[in-house]
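Structure assessment
Single-letter residue listing:
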Amino acid sequence: MNHALMLVLPLAAGSCESIQAAAKPHIVFVMADDMGWGQTGYRGHSVLRTPHLDAMGANGLRFDRFYAGAPVCSPTRASVLTGRANDRSGVLQHGYALRRQEKTIAQALKQAGYVTGHFGKWHLNGLRGPGAPILAGDDYHPGRFGFDEWVSVTNFYDVDPLMSRAGEIEPFQGDSSEIAVAEAVQFLEKHQADGRPMFAVIWYGTPHSPFKSLPDDRASFGQLDDNSAHHYGELVAMDRSIGTLRQALRRLGLADDTLLVFCSDNGGLPGITPATVGGLRGHKGTVYEGGLRVPGIIEWPAGISPSVTDYPACTMDLFPTVADVVGLPRDVFIEPLDGISLKRLFRSAASDRSKPIPFRFGMRAALIDNRYKLLTEDLRKGEFQLYDLDTDPGETRDIGGDQPDRFARMRRELLAWNQSVDASYAGRDYPEGRVSPPDPEPRFWYDTPAYAPYLPQWKDRWEFKSYLERRNKGYKSPVKKTSAKG
């Protein structure tokens, strides 16, 4: 494989005993669900105001070119936890399970002395459909991947959700973003006195459909269609919850020593007015910029000088960055990694990225090498497009014919990387040399025996009703296995 795809990441050698002298900030990862790159106040959105995200960006490192690991949710979530492209870990599409053989950031931090918690959407247990409480017997629940505590749901969740506290089902009232943050804050309050560093993951269900916001939150969007008004109302509440979280960190005396990350799990949605992607091409599900580029901010007052950067970064970089900051040993990762450490950006501007950012989603693939981006909408056809994102962020002019040498080199690199992902998908990265246990087929939770006892009492809940009615009429949405081969 071309040397440009080799990992450049300074990590401490040795066992976890060598970590004790390293700095251990508290770490909080926050991720929106389907929030587009253009949906922030600091990007000048025409109707949405996000004062708390704006303040976080002004006080931290704001990435104007931050990328989700994939153009849909579950794959990006896998990339956050592993530092690897989603297909390597078996998460080909939404609703696929993360392999138990993978090593996660939660497991690594737990081994390093952190107490860990997950709050909100999980969607890495092979279950599709609207978010339902994760059952205690689920073989792929957050606790299986290193989270000591979890208050979680299978997928997207909205107003007044049912959630699972480590397998115990609880009803909640209010906006879903505020609920997730409230649980995370309780986690921080509970463990602050322990003297242990804390790692919390907050994964919102906002602003994923179905769109449902509180009346006050959508009141200022009366000129919009109903779906768009609810969609933007959800984002108002989400931004407010970020303010609640940042204020709680200050109140608890944790703000200076907390590395707080915000991003979205994929690009923005089509059909929402005003548009979600800030003038970029494409949207969720595509490998154009609108499907991959998302808001991204890292705030850490004790460790980061506030700045705005055009340096390309991605969700696959988060685990390597934390490993670099904390001083984790190399063996916390499954190799090969696709992300790199961003730590050098924390105090000063960085030069060009040393390693391209690769993506694969079904037959679509892309490779971002600083200002240049190569992409294909179908690997089988062998047709590629090359764009200069510095001069053409909207990806309107294919320059492959103008720069044949660059085009050929990036094509070779992307295809070589694609072959390495095929090997990973086949299980070659694991000690066993194979996938074990086999990947479960994705399925709808309401079609599984484990959830059957709950269906009678849940059939009239607003978030489940339409799905269960269609199921009872004999309709079943097709679940196709997405090919991993390029």
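Rules used in this analysis
- Residues numbered from 1 in each chain as written.
- Predicted model: local features only at pLDDT ≥ 70, side-chain atom pairs only at ≥ 80, totals over all residues.
- Heavy atoms only, no water.
- Buried < 20%, exposed > 50% of the residue type's maximum accessible area, 1.4 Å probe, protein only.
- Helix = DSSP H or I, 4+ residues; strand = E, 2+ residues; numbered from the N terminus.
- Pairing = 2+ DSSP bridges.
- Core = buried A, V, L, I, M, F, W, Y, C linked by side-chain atoms within 4.5 Å.
- Phe/Tyr/Trp six-rings, centres within 6.5 Å; stacked < 30°, edge-to-face > 60°.
- Lys NZ or Arg CZ within 6 Å of the ring centre and 35° of its normal.

1. Here we look at the pairing of strand S13 (residues 357–361)
- Across the five residues that make up S13, a large majority, five, are buried.
- Of the two faces of S13, both are covered, the one formed by Ile-357, Phe-359 and Phe-361 as well as the one formed by Pro-358 and Arg-360.
- In this structure, S13 lies alongside strand S14 (residues 364–369), joined through five bridges in antiparallel fashion. Residue pairing for S14: Phe-361 is matched across the bridge by Arg-364.
- Turn length for the S13-S14 hairpin, with the two strands adjacent in sequence and antiparallel, is two residues, and the turn residue Gly-362 shows positive phi of about 60 degrees.

2. A short note on the nonpolar core
- Formed by 55 residues in total, the largest nonpolar core has its most connected members in Ile-27, Phe-29, Leu-109, Phe-199 and Leu-328.
- Mapped onto this core, the elements with two or more residues apiece are strand S1 (26–32), strand S2 (61–67), helix H2 (73–82), helix H3 (105–111), strand S8 (198–203), strand S9 (258–264), strand S10 (293–299) and helix H8 (318–326).
- Among the nonpolar cores identified, the runner-up in size contains 45 residues, and Val-115, Ala-180, Leu-252 and Phe-262 belong to it.

3. Quick word on the packing of aromatic side chains
- Evaluation of the coordinates by the stated rule reveals 21 aromatic pairs.
- Seen in terms of ring centroids, Trp-300 and Phe-346 are 6.1 Å apart; in terms of plane orientation they differ by 85 degrees. Their pairing is edge-to-face. With a gap of 46 residues between them, Trp-300 in the loop between S10 and strand S11 (307–309) and Phe-346 in the loop between H8 and S13 connect regions that are remote in the sequence. For the pair Trp-300 and Phe-346, one class covers both residues: buried.
- With centroids separated by 5.4 Å and ring planes inclined at 20 degrees, the aromatic side chains of Phe-444 and Tyr-446 adopt a geometry described as stacked.
- A cation over a ring is seen here: Arg-77 above Trp-203, with NZ or CZ 5.0 Å from the ring centre.
- Between the NZ or CZ atom of Arg-281 and the centre of the ring of Tyr-288, over which it lies, the distance is 3.9 Å.

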